Amino acid sequence: MPDAIQISGLRKTYAAQGNAPAKDALKGVDLTIRAGSIFGLLGPNGAGKSTMINILAGLVNKTAGKVSIWGFDQDVNPRQSRAAIGVMPQELNMDPFFSPRASLEVQAGLYGVPKSERWTDELLELVGLTAQANSYARSLSGGMKRRLLLAKALVHRPHILVLDEPTAGVDITLREMLWKNVRRLNEQGMTIILTTHYLEEAEQMCDEIAIINHGQVVVRQSTQDLLSRTDGKTLVLDTGGAVPHPPLPAGARPETRPDGRLAITYPPSRLRADQILDAVRAAGVPILDVAAEQPDLEDVFVELTRD
Ligand code: ADP
Ligand code: MG
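Residues numbered from 1 in each chain as written. Chains lettered and ligands numbered in written order. Predicted model: local features only at pLDDT ≥ 70, side-chain atom pairs only at ≥ 80, totals over all residues. Heavy atoms only, no water.

S.K.: Which residues make up the coordination of the magnesium ion (ligand 2), and what are the values?
M.R.: Coordination of the magnesium ion (ligand 2) by the protein involves Ser-50 (OG) and Gln-90 (OE1), with metal-donor separations of 2.1 to 2.4 Å. Within this pair, whereas Ser-50 is found in helix α1 (residues 49-56), its partner Gln-90 is found in the loop between β6 (85-88) and α3 (100-110), the two being separated by 40 residues in sequence. Gln-90 gets classed as partly exposed once you look at its relative accessible area, which sits at 33%. (Donors = N, O, S within 2.8 Å, 3.2 Å for Na, K, Ca; no water. Helix = DSSP H or I, 4+ residues; strand = E, 2+ residues; numbered from the N terminus. Buried < 20%, exposed > 50% of the residue type's maximum accessible area, 1.4 Å probe, protein only.)

S.K.: Residues and numbers for the layout of surface pockets, please.
M.R.: Its volume calculated, the largest pocket comes out at about 770 Å³. The wall of the largest pocket is formed by 33 residues, among which Asn-54, Leu-59, Val-87, Pro-89 and Gln-90 lie closest to the centre. When contributions to the lining of the largest pocket are tallied by element, the ones reaching two or more residues are β2 (23-33), α1, β6, α3 and α5 (142-154). Top element by residues in the lining of the largest pocket is α1. It accounts for four residues. Residue composition of the lining of the largest pocket, by class: 13 nonpolar, 13 polar and seven charged. The volume enclosed by the second largest pocket comes to roughly 420 Å³. Around the second largest pocket sit 20 residues that line it, and Gly-232, Thr-234, Arg-253, Thr-265 and Asp-299 are the ones nearest its centre. Listing elements by their share of the lining of the second largest pocket, those giving two or more residues are β11 (233-238), β12 (253-256), β13 (262-266) and α10 (297-305). With three residues, α10 is the largest single contributor of residues to the lining of the second largest pocket. Here the lining of the second largest pocket is built from residues that sort into four nonpolar, six polar and 10 charged. (1 Å grid on protein atoms, 1.4 Å probe; cavity = no way out; pocket = protein on both sides within 12 Å on 5 of 7 lines; lining within 4 Å. Points joined across faces, edges and corners; volume = space filled by probe spheres on them. Nonpolar A, V, L, I, M, F, W, Y, C, P; charged D, E, K, R; others polar.)

S.K.: Describe the site of ligand 1, and please don't skip the residues or the numbers.
M.R.: If you check the shell around ligand 1, you find Tyr-14, Lys-23, Ala-25, Pro-44, Asn-45, Gly-46, Ala-47, Gly-48, Lys-49, Ser-50 and Thr-51 and nothing else. Contact between ligand 1 and Lys-49: an oxygen atom at 2.8 Å from a side-chain N or O atom of the residue. One can see that ligand 1 is located within the largest pocket. Listed by contribution, the elements that provide at least two residues to the shell around ligand 1 are β2 and α1. Here the element with the most residues in the shell around ligand 1 is α1; it accounts for three residues. (Near = heavy atom within 4 Å. Polar contact = N/O pair within 3.5 Å; in protein donor to acceptor, adjacent residues only side chain to side chain. Sits in = over half its atoms within 2 Å of the grid points.)

S.K.: Outline α5, listing residues and values.
M.R.: When the terminal C-alpha atoms of α5 are compared, their 19 Å separation across 13 residues agrees well with the 18 Å that a helix rising 1.5 Å per residue should span. The set of residues buried in α5 consists of Arg-146, Arg-147, Leu-148, Leu-149, Leu-150, Ala-151, Lys-152, Ala-153 and Leu-154. Structurally, α5 contributes buried residues whose contacts are with β6, α3, α4 (120-126), β7 (160-164) and α6 (172-187). (Expected span 1.5 Å × (residues − 1). Contact = heavy atoms within 4.5 Å.)

S.K.: So what about the sheet that holds strand β4 (residues 64-69)? Which residues, and what values?
M.R.: Spatial strand order, β2-β1-β4-β5: four strands in an open sheet with antiparallel pairing. Two strands lie at the open edges of the sheet, namely β2 and β5 (72-73), each paired on one side alone. On the sheet, α1 packs against β1 (5-14), β2 and β4 and is oriented at approximately 115 degrees with respect to β1. (Pairing = 2+ DSSP bridges. Axes fitted to C-alpha atoms, helices over the stretch in contact; angles between N-to-C directions.)

S.K.: Explain the packing of α5 against α6 residue by residue, including any values.
M.R.: The N-to-C vectors of α5 and α6 enclose an angle of 10 degrees; their axes lie 11 Å apart at closest approach. With respect to α6, the axis of α5 lies roughly parallel. For the pair α5 and α6, contact is made by Gly-143, Arg-147, Leu-150 and Leu-154 and by Leu-174, Met-177, Leu-178, Asn-181 and Leu-185, respectively. Partitioned by chemical class, the residues of the contact of α5 with α6 number six nonpolar, two polar and one charged. (Parallel < 35°, antiparallel > 145°, perpendicular 65-115°, else oblique.)

S.K.: Can you tell me about the packing of aromatic side chains, naming the residues and giving the values?
M.R.: Applying the stated criterion across every chain yields a total of one aromatic pair. A ring pair is formed by Phe-97 and Tyr-136, whose centres lie 6.3 Å apart and whose planes are at 85 degrees; its orientation type is edge-to-face. Note that Phe-97 is positioned in the loop between β6 and α3 and Tyr-136 in the loop between α4 and α5, a separation of 39 residues in sequence. You can call Tyr-136 partly exposed: its relative accessible area is 45%. Of note, Arg-157 hangs over the ring of Trp-119, and the distance from its end group to the ring centre comes to 4.4 Å. (Phe/Tyr/Trp six-rings, centres within 6.5 Å; stacked < 30°, edge-to-face > 60°. Lys NZ or Arg CZ within 6 Å of the ring centre and 35° of its normal.)

S.K.: Got a sec to walk through the sheet that holds strand β9 (residues 208-213)? Specific residues and values, please.
M.R.: If you trace the six strands from one edge of the open sheet to the other, you get β6-β7-β8-β3-β9-β10, paired in mixed fashion. Strands at the two margins of the open sheet, each flanked by one partner only, are β6 and β10 (216-222). Neighbour to neighbour, the strand axes of the sheet diverge by 15 degrees on average, direction disregarded. Pairing of β6 with β7 involves four bridges; the strand directions are parallel. Bridge pairing links Ile-85 to Ile-160 in β7. With respect to the sheet, α1 is in contact with β3 (38-42), β6, β7, β8 (191-195) and β9, its orientation differing from that of β3 by roughly 135 degrees. Here α5 sits on the sheet in contact with β6 and β7, set at roughly 170 degrees to β6.

Structure, rendered in structure tokens:
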């Protein structure tokens, strides 16, 4: 199998408009995404995620660089590279007068899918829009519109499915439904690329993650390696409401939680838990209960995107 995506030296400068100066949204991105993965593209607002995705989708023209999709160079084989990818955009853009069924048929037409190879009914079923198949799109709820966008991204059975903030502002039922579908499509062999603001979601769903900030990839690792990257563990002690912070070994940082518990964060590469606990006890602070916390993706993200 080829790599799903190969990006090298990718740059995008949006031209100046009116009072807004030119903007370097992507500043030389190199990124390879292996076929079969669920890949998370994370980054703060304005980092360049949608720009990158819209370039992959052929919706935004790159300023410089090379993009290959499923082995097809976008500039050399535009048709094949476009056929390999389906994109569910961040924005709800749809024709209000088309029904879901008509939207899917039009989309299939745009991608040159012959009538005999269309799977409109299955797609409607997959995203739970069978009952609304013939209603005007403008009468659909926001969640239904998102589901229709997912179905539209799939009409041509792409190798790669890209989801840009698919769960932003959607309710929990829809989220679960979406992730169930995404997992199933991935199990059937589809490569998934997604952006999300919900880091917990990315932690659970993605096997690999790239974090971008200010138009540059700051890290790209397996989710597991990324999580083990921060050298910080936390012991949370119930001290029965005791008092000022005890003196601790160098490198350990105490903090009183809103619930009154004492949280001590320390680098496990340099300190052991018993050194922390001994120091607390030596200060005469009782330890009624202890919990240990591992860093999560949120911690890693904050550390890597701090300016
Ligand atoms: P993200 O999806 O990570 O939030 P975007 O790719 O949407 O980031 O935006 C990256 C940067 O490019 C931002 O500073 C944004 O304001 C700017 N930008 C995005 N789209 C346009 C556009 N069409 N014209 C000018 N600037 C844009
Ligand atoms: Mg975006």
